[in-house]
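Examination of the molecular architecture
Chain residues, written in single-letter form:
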Amino acid sequence: MNIVCNQNLGIFLFLFVPYFGVSQNLEFQDEKEGLLLLENGQPRYFYRSLPYGNSEFTRANYIHPLYGLDGEVLTEDFPEDHPHHHGIFWAWHQLYAEGKRIADPWLNEGITWRVVDTETQIKENRALLFSEIEWIEVETDKVVIKEDLIVEFERIGKDMFSLNLDIELTALIDGVAIGGSEDKKGYGGFSARINLPEDVSFRSRKGNVEPTNLALEAGPWIDISRNFGSSRNDPSGITIMGEPTKLPSYKGWILRNANSMQNMAFPGQTLIAIPKGETLRFRNQLLIHRNLNICEIDEMYKKFSN
């Protein structure tokens, strides 16, 4: 099914006029294990800057919980079926340095993450978090990669806000390379472990999407809309956006309707090198909304990609 979107003034005004519907009070609250963003006293997301958990899958540098429009928790952390999944996270199975495989970041093997600095800014309807993270090889205690992360929250409308994530990975030693899973799925990269309801469904700009075992082509965004624990009949929807044309060796979407993550996969089985001193950058957006249609989501994607 192909969806035809007609450009009209109503959609343009709704999506792009600044939102001044209610007075906003955005603030970051320091917690023991990270930073909590509050909007008018209501939680929006929590960034974990210190290692969390007491298992082999303990790690830092991810987002959980992510909250919906009515305060419902949208993400899962340490789920029983995949305890190495952590809310909104980004990881790969293969990490090489100096000519050898040194770690499996997806399973937290041989690597640890240390958040060395965080800063925050509030600008009207936006809240920005800046974080610098070191990827440390456990065996040698070498810092292999420096990560720079920007998380930008923006209130767009009464029933819509976005979370933009801008991630840069800079190689600090020779021979750094990353790769996804070594099977045909090739998963790895930006991932979201969503608390999925039984009636979950997926949409792209072409209409409904059915998950398959392997990666599938479904355009630059995927929308997940159903009841995520809200008491309302029109609960939050989540759209995951990316920039596939800017990803090296992009493989497509790994989607699951139960007990797994949703992943915009790159670079697949084959390694990609990050030469010493050079940077790999990728951007993603999470759009939390209520009742947006496909054409409206696509307009929001155009704003993100521009």
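It should be noted that the structure appears before, not after, this text.
Report follows, based on the coordinates. The residue count restarts for each chain, going from 1 along the sequence in the order it is written. Thresholds applied to this predicted model are a pLDDT of at least 70 for local features of residues and 80 or more for the giving and counting of side-chain atom pairs; totals over whole chains, interfaces and linings are not thresholded and use all residues. Where side-chain values are given, they derive from all heavy atoms of the structure, hydrogens and water being excluded.

Strands are labelled as partners when DSSP assigns at least two bridges between them. Put simply, DSSP marks the helices as runs of H or I at least four residues long and the strands as runs of E at least two long, and each gets a number from the N terminus on. Ordered in space as E7-E6-E12-E20, the four strands form an open sheet in which the pairing is antiparallel. The sheet terminates laterally at strand E7 (100-103) and strand E20 (272-273), the two strands that pair on one side only. Relative to E7, strand E6 (residues 94-97) is paired through three bridges, and the arrangement is antiparallel. Paired with Tyr-96 across the strands is Arg-101, a residue of E7.

Glancing now at the environment of Leu-128. Here Leu-128 shows up in strand E9 (residues 126-137). Should any heavy atoms of two residues lie within 4.5 Å, those residues are counted as being in contact. Residues in contact with Leu-128, not counting those within four places in the same chain, are Phe-28, Glu-119, Thr-120, Gln-121, Lys-123, Ile-150, Val-151 and Glu-152.

The rule is short: rings of Phe, Tyr and Trp, with Trp giving its six-membered ring, pair when the centres are within 6.5 Å, and they are stacked under 30 degrees, edge-to-face over 60, tilted in between. Applying the stated rule across the entire model yields 12 aromatic pairs. Where Tyr-52 meets Phe-78, the ring centres are 5.9 Å apart and the plane angle is 55°; that geometry is what we call tilted. Placement of Tyr-52 in the loop between strand E3 (42-48) and strand E4 (62-66) and of Phe-78 in the loop between E4 and strand E5 (88-91) is noted, with a sequence separation of 26 residues between them. We call a residue buried when its accessible area falls under 20% of the maximum for its residue type, exposed when it is over 50%, and partly exposed in between, using a 1.4 Å probe and counting protein chains only. Judged by its relative accessible area of 28%, Tyr-52 falls in the partly exposed class. Through successive ring pairs, a cluster of aromatic residues spans Trp-92, Trp-113, Trp-135, Phe-266 and Phe-282. Sitting over the face of the ring of Tyr-52, Arg-48 holds its NZ or CZ atom 3.9 Å from the ring centroid. Seen from the ring of Trp-113, Arg-59 lies directly overhead, with NZ or CZ sitting 4.0 Å from the centre. Two limits define a charge over a ring: the Lys NZ or Arg CZ must be within 6 Å of the ring centre, and within 35 degrees of the ring normal.

With nine of 12 residues buried, E9 lies mostly within the body of the structure. When strand E8 (residues 111-123) meets E9, the two strands line up antiparallel, connected through 12 bridges. What sits directly across from Thr-118, in E9, is Ser-131. The hairpin formed by E8 and E9 contains two residues between the paired strands, and Glu-124 there has a positive phi angle of roughly 55°. Linking E9 back to strand E10 (residues 143-157) in an antiparallel pair, the connection comprises five residues, with Asp-141 at a positive phi of about 65°.

A separate point is the pattern of salt bridges. Salt bridge criterion: a side-chain nitrogen from Lys or Arg within 4 Å of a carboxyl oxygen from Asp or Glu. Across all of its chains, the model carries 21 salt bridges by this definition. Here Arg-44 ties to Glu-39 by a salt bridge, and the two come within 2.7 Å at their closest N and O atoms. Relative accessible area serves as the criterion here: at 7%, Arg-44 is assigned to the buried category. A salt bridge links Lys-302 to Glu-299; its shortest N-O distance comes to 3.3 Å. Of this pair, Lys-302 and Glu-299 both sit in helix H2 (residues 294-305), three residues apart, which is roughly one turn of that helix. Overall, the relative accessible area of 33% leaves Lys-302 in the partly exposed class. The network of salt bridges with common partners includes Asp-70, Lys-158, Asp-159 and Arg-290.

Now for unusual backbone geometry. At the junction of His-64 and Pro-65, the peptide bond is cis and its omega measures out at 0° in the coordinates. Tracing the backbone through its elements, the reader meets Pro-65 in strand E4. Cis geometry marks the peptide bond from Phe-266 to Pro-267; its omega dihedral reads -5°. In this fold, Pro-267 is placed in the loop between strand E19 (262-265) and E20. Look at Phe-78: it is not a glycine, yet its phi comes out positive at around 50°. Judged by relative accessible area, Phe-78 falls into the partly exposed class, the value being 22%.

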